[in-house]
Structures are given as C-alpha cells and as structure tokens.
Amino acid sequence: AQKITQTQPGMFVQEKEAVTLDCTYDTSDQSYGLFWYKQPSSGEMIFLIYQGSYDEQNATEGRYSLNFQKARKSANLVISASQLGDSAMYFCAMREDYSGYALNFGKGTSLLVTP
Amino acid sequence: EPEVTQTPSHQVTQMGQEVILRCVPISNHLYFYWYRQILGQKVEFLVSFYNNEISEKSEIFDDQFSVERPDGSNFTLKIRSTKLEDSAMYFCASTGESNQPQHFGDGTRLSIL
C-alpha cells in the first residue's frame, strides 16, 4: 500500500495566486514527520517545510505553510503568492519514527506557475 | 549555508563496470542516506548509515551495493557490477539528528550504457 499519496500529477496556478498541493499519508505510528521537498528542472531536492506528528500548530516557512489535519491524515502544502520560480515538482515525504528514519516519498505534483 | 556536496554530477559507465558515487555530508551531521530516483519516478530510499554502520536498508540495496565512510568527511556508494536498470539520479542526504529534516545534495546522474 502507498504510504504517501499525491493525487494531483499536475497543477497550474497564475502568478501571485495561492495554490494547495495535496498529500495524504498512511501510518500506524504515533510519532512521525512529514516533509515537503521541491525539485526544479535542474534536479536538486530542496527542503521546504517540516511538520512533526505532535506539533499542534501548522508549520510555516515564509510563503510555504503546511495544512496538517491529523485525523484525516493529510498534510497539504500551501504556497501563497506564487512566483514563476515556484514552477517545479513537489514531493511530499514521511518519516515513521518506529520504523526507521528513511523518508518515504510520494510520486510528486508538477506545478506550473503562469504569468 | 552548509550544504551536501556530491561528485560527479554526471557519470556514464559501461554495463558490468563498478562505479563509486561520492558525497560530502554537512560537517556536523551524523546520519547519512542514499536515495535514488529513476527518471520520471518517485524518490526511493536505498540505505541509511550511522555510527559507521548501516542502520537500515531497502530491498533495492542488494549485494551489488555497498556504502563506506572512508574518512571523516566522505560518504560513498559503490555499485559493484552495474546494470542498465541502475541508471538513475542518486541523492545523498544527511541530518544532524535522526528526526530532523534531511538535507539533500544536488545528485549524481548515473547513466549505464
């Protein structure tokens, strides 16, 4: 079974608009971490934001915020005020603390920001 | 800002040859990882390394693969006899504590001919 599901293979958003990238996860661990990474066309993996399972507040990092809904097992990434440079693949990943510390990635969402 | 460095950026190798991918993790980090990403697919975990030994490995990480920390700074992934299906982007990552975000290098694109 997929641990991380990203249901949107591709998304479009206009510059300066906000966009939400969906991520749902599956785990029976009580302690886990959720991550979002950005992969531009050049190929590198850039860490964006992290949410721990025990964190009560949603994580924010500049224009990025993570909408964490624990009961629904979702960890959606919200990008506010999109910029052309936000065009990239976005991967959601999970670390399960009782199963080791490897990251389990979703298949990614390709975001295209248009002028 | 400190970063994970990987060399080479692109490696082309004949099938059956050995290849060594090199990584310099962030200097005060203690946990090291290798992942791979076949073109157009998701990132897959290969192996994690802590305290000079493998702490976890995936089914992909079979006897053809090995990792080593030959000195205080480098972390290497060796593929003993490469196959066509080993063609992928290989990422090294490191973190200071096991439950903190992993920081990735820019990757090595491995092409097997």
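These numbers were taken from a predicted model, which means no experiment stands behind them. (Residues numbered from 1 in each chain as written. Chains lettered and ligands numbered in written order. Predicted model: local features only at pLDDT ≥ 70, side-chain atom pairs only at ≥ 80, totals over all residues. Heavy atoms only, no water.)

A few words on the interface of chain A and chain B. Contact with chain A, which involves 20 residues of that partner, is made by 18 residues of chain B. Summing both sides of the interface, chain A and chain B together bury roughly 1,600 Å²; the carbon and sulfur share of this comes to 59%. Counting the surface chain A buries against chain B, the share from its top three residues, Met45, Tyr101 and Phe105 of chain A, is 31%. Along the contact surface separating chain A from chain B lie zero salt bridges. Connecting chain A to chain B are eight residue pairs in polar contact (both at pLDDT 80 or more). Secondary-structure elements contributing two or more residues to the side of chain A that touches chain B are strand S5 (32–39), strand S6 (46–52), strand S10 (88–96) and strand S11 (103–105) of chain A. Among the residues making up the side of chain A that touches chain B, the classes are represented as ten nonpolar, seven polar and three charged. (Contact = heavy atoms within 4.5 Å. Buried area = accessible area lost by both parts, 1.4 Å probe. Salt bridge = Lys/Arg side-chain N within 4 Å of Asp/Glu carboxyl O. Polar contact = N/O pair within 3.5 Å; in protein donor to acceptor, adjacent residues only side chain to side chain. Helix = DSSP H or I, 4+ residues; strand = E, 2+ residues; numbered from the N terminus. Nonpolar A, V, L, I, M, F, W, Y, C, P; charged D, E, K, R; others polar.)

Here we take up the packing of aromatic side chains. Summed over all chains, the structure comprises 19 aromatic pairs over all chains. Seen from their ring centres, Phe35 of chain A and Tyr50 of chain A are 4.9 Å apart, and the 40° between their planes marks the pair as tilted. Taken as a pair, Phe35 of chain A in strand S5 and Tyr50 of chain A in strand S6 lie far apart in primary sequence, 15 residues in all. Given a relative accessible area of 1%, Phe35 of chain A falls into the buried group. Between Tyr37 of chain A and Phe47 of chain A, the ring centres sit 5.8 Å apart and the planes meet at 65°, which makes this aromatic pair edge-to-face. Taken as a pair, Tyr37 of chain A in strand S5 and Phe47 of chain A in strand S6 lie far apart in primary sequence, ten residues in all. Since its relative accessible area comes to 24%, Phe47 of chain A is described here as partly exposed. Feature note: the residues Phe35, Tyr37, Phe47, Tyr50, Phe91 and Phe105 of chain A together with Tyr33, Tyr35, Phe45, Phe91 and Phe104 of chain B constitute an aromatic cluster, connected by ring pairs. The positively charged end of Arg63 of chain A is found above the aromatic ring belonging to Tyr64 of chain A, 5.7 Å away from the centroid. (Phe/Tyr/Trp six-rings, centres within 6.5 Å; stacked < 30°, edge-to-face > 60°. Buried < 20%, exposed > 50% of the residue type's maximum accessible area, 1.4 Å probe, protein only. Lys NZ or Arg CZ within 6 Å of the ring centre and 35° of its normal.)

Purely geometric stuff here, so don't read any function into it on its own.
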